[in-house]
Amino acid sequence: PEPPPAVSPLSAHAAAFPRFLPADVAAKLAAFHGEVEARLHQLTTRAAADAEAAQRELADMDMPQALEACDADCRLPPRLARAVTAAKAVGGVSALQNLMRECKKLEGEAVEAATMAEQVLSAEAEADASLLEQEPKLQRAHLHELRSTMPLTVTRSQLQINRERLDTALEVTAKLSSRLDAALPSIRKLEPPLHVLESALPHLDGTPLAAEPCVPALRFLLDSLDQLKAAGAALVERARAGHAEARESAALSAALLAGKGGPLGVEGAAAVAREPFERVVGEYEEMQARRVQLLEEVRTQRSLFVAARHAEESYTDRQEYLRLLTLGAEEATAVSDGLTEGMRFYQLVLGELRKACEKAAAVADEREGERRQLLRRLAEREAPPPYAAAA
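Note that this is a predicted model, so its numbers are computed, not measured. (Residues numbered from 1 in each chain as written. Predicted model: local features only at pLDDT ≥ 70, side-chain atom pairs only at ≥ 80, totals over all residues. Heavy atoms only, no water.)

Considerations on the overall build of the chain
- Of regular secondary structure, the chain possesses 13 helices and zero strands.
- Sorting the 391 residues of the chain into buried and exposed places 39% on the buried side.
- Nonlocal contacts in the chain, meaning residues at least 24 apart in sequence, comprise 91% of its contacts between residues at least 6 apart.
- In the structure as shown, the chain presents an accessible area of about 21400 Å², 57% of it carried by carbon and sulfur atoms. (Helix = DSSP H or I, 4+ residues; strand = E, 2+ residues; numbered from the N terminus. Buried < 20%, exposed > 50% of the residue type's maximum accessible area, 1.4 Å probe, protein only. Contact = heavy atoms within 4.5 Å. Areas by Shrake-Rupley, 256 points an atom, 1.4 Å probe, with all protein chains shown as cover.)

Some remarks on the side chain of Gln319
- As for its placement among the helices and strands, Gln319 is situated in helix α12 (residues 315-382).
- Given a relative accessible area of 12%, Gln319 falls into the buried group.

Looking at unusual backbone geometry
- With an omega of 5°, the peptide bond running from Met63 to Pro64 counts as cis.
- Residue placement: Pro64 occurs in the loop between α2 (23-60) and α3 (65-68).
- Within the chain, Asp62 stands out as a residue other than glycine whose phi angle is a positive 60°.
- Inspection of the secondary structure puts Asp62 in the loop between α2 and α3.
- Relative accessible area serves as the criterion here: at 25%, Asp62 is assigned to the partly exposed category.

Quick look at the packing of helix α5 (residues 92-134) against helix α7 (residues 149-188)
- Interaxial distance between α5 and α7 falls to 10 Å at its minimum, and their mutual angle equals 155°. If you check the angle between α5 and α7, you find them roughly antiparallel. Taken as a pair, α5 and α7 cross one another with a handedness that is left-handed.
- Tallied by class, residues from the contact of α5 with α7 come to 18 nonpolar, five polar and six charged. (Axes fitted to C-alpha atoms, helices over the stretch in contact; angles between N-to-C directions. Parallel < 35°, antiparallel > 145°, perpendicular 65-115°, else oblique. Left-handed = near helix turned anticlockwise from the far one by under 90°. Nonpolar A, V, L, I, M, F, W, Y, C, P; charged D, E, K, R; others polar.)

Side note on the nonpolar core
- With 46 residues, the main nonpolar core has Leu76, Leu166, Leu180, Ile187, Leu325, Leu339 and Leu353 as its most contacted residues.
- Elements that contribute at least two residues to this core include exactly α4 (78-89), α5, α7 and α12.
- With 17 residues, α12 is the single largest residue contributor to this core.
- In contact with Leu180, other than residues within four places in its own chain, are Leu96, Met100, Ile187 and Val335.
- Among the nonpolar cores identified, the runner-up in size contains 31 residues, and Ala47, Met63, Ala66 and Val215 belong to it. (Core = buried A, V, L, I, M, F, W, Y, C linked by side-chain atoms within 4.5 Å.)

Re α4
- Along its 12 residues, α4 runs 17 Å from first to last C-alpha, staying within 8% of the 16 Å computed at 1.5 Å per residue.
- Positioned one or two residues after α4, Gly91 has a phi angle of 105°, which is positive. (Expected span 1.5 Å × (residues − 1).)

Notes on the confidence of the model for the chain
- Taken residue by residue, the chain gives an average pLDDT of 82. The fraction at 70 or more is 82%.
- Below a pLDDT of 50 lies the segment residues 1-17, which in the model reaches 10 contacts outside its immediate sequence neighbourhood of four places, other chains included.
- For residues 386-391, every residue scores under 50 in pLDDT, and the model assigns this stretch zero contacts once sequence neighbours within four places are set aside. (pLDDT = per-residue confidence, 0-100.)

What about the side chain of Asp50?
- For Asp50, the position within the fold is in helix α2.
- With relative accessibility at 14%, the residue Asp50 sits in the buried group.
- Once residues lying within four places of it in the same chain are set aside, the contact partners of Asp50 are Tyr284, Gln288 and Arg291.

With respect to the pattern of salt bridges
- Within this structure, the stated rule accounts for 28 salt bridges.
- Between Asp128 and Arg367 there is a salt bridge whose closest N-O contact spans 3.1 Å. Of this pair, Asp128 sits in helix α5 while Arg367 sits in helix α12, and the two are 239 residues apart along the sequence.
- A relative accessible area of 8% places Asp128 in the buried class.
- The closest approach of N and O atoms between Arg299 and Glu296, which form a salt bridge, is 2.6 Å. Of this pair, Arg299 and Glu296 both sit in helix α11 (residues 265-308), three residues apart, roughly one helical turn. (Salt bridge = Lys/Arg side-chain N within 4 Å of Asp/Glu carboxyl O.)

Some details on the environment of Glu135
- With respect to the secondary-structure elements, Glu135 resides in the loop between α5 and α6 (140-144).
- In the structure, Glu135 is positioned 243 residues away from Leu378 in sequence and 9.7 Å away in space, judged by C-alpha atoms.

Observations concerning the environment of Arg279
- Along the polypeptide, Arg279 turns up in helix α11.
- A relative accessible area of 54% means that Arg279 is categorised as exposed.
- When the C-alpha atoms of Arg279 and Ala239 are compared, they prove to be 9.8 Å apart, with 40 residues separating the residues in sequence.

Notes on the environment of Arg344
- Residue position: Arg344 is located in helix α12.
- Judged by its relative accessible area of 26%, Arg344 is partly exposed.
- Arg344 sits 238 residues away from Leu106 along the chain, and the two C-alpha atoms are 9.6 Å apart.
- Beyond its immediate sequence surroundings of up to four residues, Arg344 is in contact with Glu37 and Arg240.
- In this structure the side chain of Arg344 is engaged in a polar contact, spanning 3.2 Å, whose partner is the side chain of Glu341. (Polar contact = N/O pair within 3.5 Å; in protein donor to acceptor, adjacent residues only side chain to side chain.)

Written out as structure tokens, the structure reads:
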């Protein structure tokens, strides 16, 4: 049998290590992971939005269906056949609607948890204000000195961050919901088997377009755009996997702790740890710049294609049929991917918001006791000394 893989002492204690960190380093560690997770979600959302924008631009140019409609065979173009097969794999309209319901359910739970935590923290703020109003000799500085003030401030800050992330996710889900509703007719057209879809393809007698140089040029450009889309998704997934590995390792905790006493400081150590994710963003920016360039080249070649295209009796019907199938396939896959990412993000934020609820309740209980002790101390200071009472 093969020997078990070696486990470093650092990674073996990774789960327990954060519990022994100083409070400020632990807070910075949690903030770092939250920031990176939010940026990864933002990058995922942007990559999907950029891909969608490119797809809309291609659709406005009747691409790729205008190009594929000039093929004379009675089978779906290979690109479209692959897209339809991938779209069928997500389960069709019913599966997408179930996925949307699950996403909405998690969304509701996350909103409920955020609201509950906000109510607890709001009640604490009101209790502090009421106490200051009832006790004129009590200063706000007295409340700031309470041991629960720092945990209360941290909890309030973390809740605000997660609430902002949740609000962003709500907007994305709302757009996906509208997108799904609009795409349902075209997605339903994909329900028949592939051979049935091919048998319904309008017949084309023939076209000379295949001989034009713009046709292979357009095919190359569209393939390049597809590859770029896949590369962008793979880049985001690699970054997400890297962050997941960093969360499980104690290396970042150790680096932040070392930075606390070193020349870099905690912020400097966090900045160093953030560099791989900054490089990911930079690499994606280069991909997006390349996508913009490819789209410009598509526009140039498409103008040549339109000029060379001859009117064919069945060409328009064939092009429209391919357009509807293309739209349905792209929308089904994109909405499925978006909802899957949304569910993952809602689960993450929901966990953080539930922790915030528990923390807020615990801090509220602690602060209530501290307020009572503070009032007792003030009362004892105001009581007359014993000899005065005896006199």
